[in-house]
Each structure stands twice: as C-alpha cells, then as structure tokens.
Amino acid sequence: MKAEGHPDYHMITVKMTDGSEFQTRSTWGKEGDTLTLDIDPTSHPAWTGGTKQLQEGGRVAAFNKRFGGLSLKKN
C-alpha cells in the first residue's frame, strides 16, 4: 500500500459537554489536540430520551387556525 494515500492517525483527547474527557485515535487535528464537543450522547435528546420539539407554527397549524371552524357536514 502507498504510504501517502492514508491520513495521519494519532491520539487526541475528546472533551464531552459534561467536562469528562477520554483519549482516542483519530485523523482529526494534530497529535495531542483536544476536540471539544457541543453535542454528545450525554446531552442530546436523541440519546437521552428527552422531549421532542413540536412544530407549532407549521403549514398545517396555520391552515387549522384559519379554517378550523369550517365543516363539510350538511345541515
């Protein structure tokens, strides 16, 4: 295999949002750099089971607000 065809694979430190750190091998940055995460499994709702954000101002909500009182029933 050609040596110049692969990126440098080295040790970095990953800092989680709660302040904990761990070391791993990566192609990101340089040897000894620290990768600080903004979102990680300890804080993101997809992993923590947090509440979902509902879209309250969407197209369907606007339609229902405008035409919500109309019905198709015959009197």
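Under an unreviewed UniProt entry, the name given to the chain is 50S ribosomal protein L31, and the source organism is Qipengyuania mesophila. For the record of the chain, the UniProt heading Sequence similarities (unreviewed entry) holds the text "Belongs to the bacterial ribosomal protein bL31 family. Type A subfamily." Listed in UniProt under the heading Subunit (unreviewed entry), the comment for the chain reads: "Part of the 50S ribosomal subunit."

With respect to the secondary-structure elements, Ser 26 resides in strand E2 (residues 21–26). Owing to a relative accessible area of 16%, Ser 26 belongs among the buried residues under this scheme. A polar side-chain atom of Ser 26 sits 2.9 Å from the main-chain amide nitrogen of Trp 28.

We now examine the packing of aromatic side chains. Applying the stated criterion to the full structure yields 1 aromatic pair. For the ring pair Phe 63 and Phe 67, a centre distance of 5.1 Å and an interplane angle of 45° mean the geometry is tilted. On the criterion of helical spacing, the pair formed by Phe 63 and Phe 67 is a turn pair, its members being 4 residues apart in helix H2 (residues 59–67). For Phe 67, a relative accessible area of 34% puts it in the partly exposed group.

This paragraph deals with the side chain of Asp 40. Tracing the sequence through the fold places Asp 40 in the loop between strand E3 (34–36) and helix H1 (45–48). Salt bridges are absent for the buried Asp 40, whose nearest opposite-charge side chain, Lys 15, sits at 11 Å. Polar side-chain contacts of Asp 40 include one of 2.6 Å to the side chain of Thr 42. When near neighbours in sequence (up to four residues on either side) are disregarded, Asp 40 contacts Met 16, Thr 17 and Trp 47.

Sheet topology places strand E1 (residues 10–15) next to E2; 6 bridges connect them, and they run antiparallel. Within the sheet, the bridge partner assigned to Met 11 lies in E2 and is Arg 25. Connecting E1 to the next strand, E2, in antiparallel fashion are 5 residues, including Gly 19 with a positive phi near 95°. Judged from the 3 bridges that link them, E1 and E3 form a sheet pairing that is parallel.

Each value, and the rule that gives it
- Residues numbered from 1 in each chain as written.
- Predicted model: local features only at pLDDT ≥ 70, side-chain atom pairs only at ≥ 80, totals over all residues.
- Heavy atoms only, no water.
- UniProt positions renumbered as here; feature names shortened; annotations may be inferred.
- Helix = DSSP H or I, 4+ residues; strand = E, 2+ residues; numbered from the N terminus.
- Buried < 20%, exposed > 50% of the residue type's maximum accessible area, 1.4 Å probe, protein only.
- Polar contact = N/O pair within 3.5 Å; in protein donor to acceptor, adjacent residues only side chain to side chain.
- Phe/Tyr/Trp six-rings, centres within 6.5 Å; stacked < 30°, edge-to-face > 60°.
- Lys, Arg positive; Asp, Glu negative; His and termini not counted.
- Salt bridge = Lys/Arg side-chain N within 4 Å of Asp/Glu carboxyl O.
- Contact = heavy atoms within 4.5 Å.
- Pairing = 2+ DSSP bridges.

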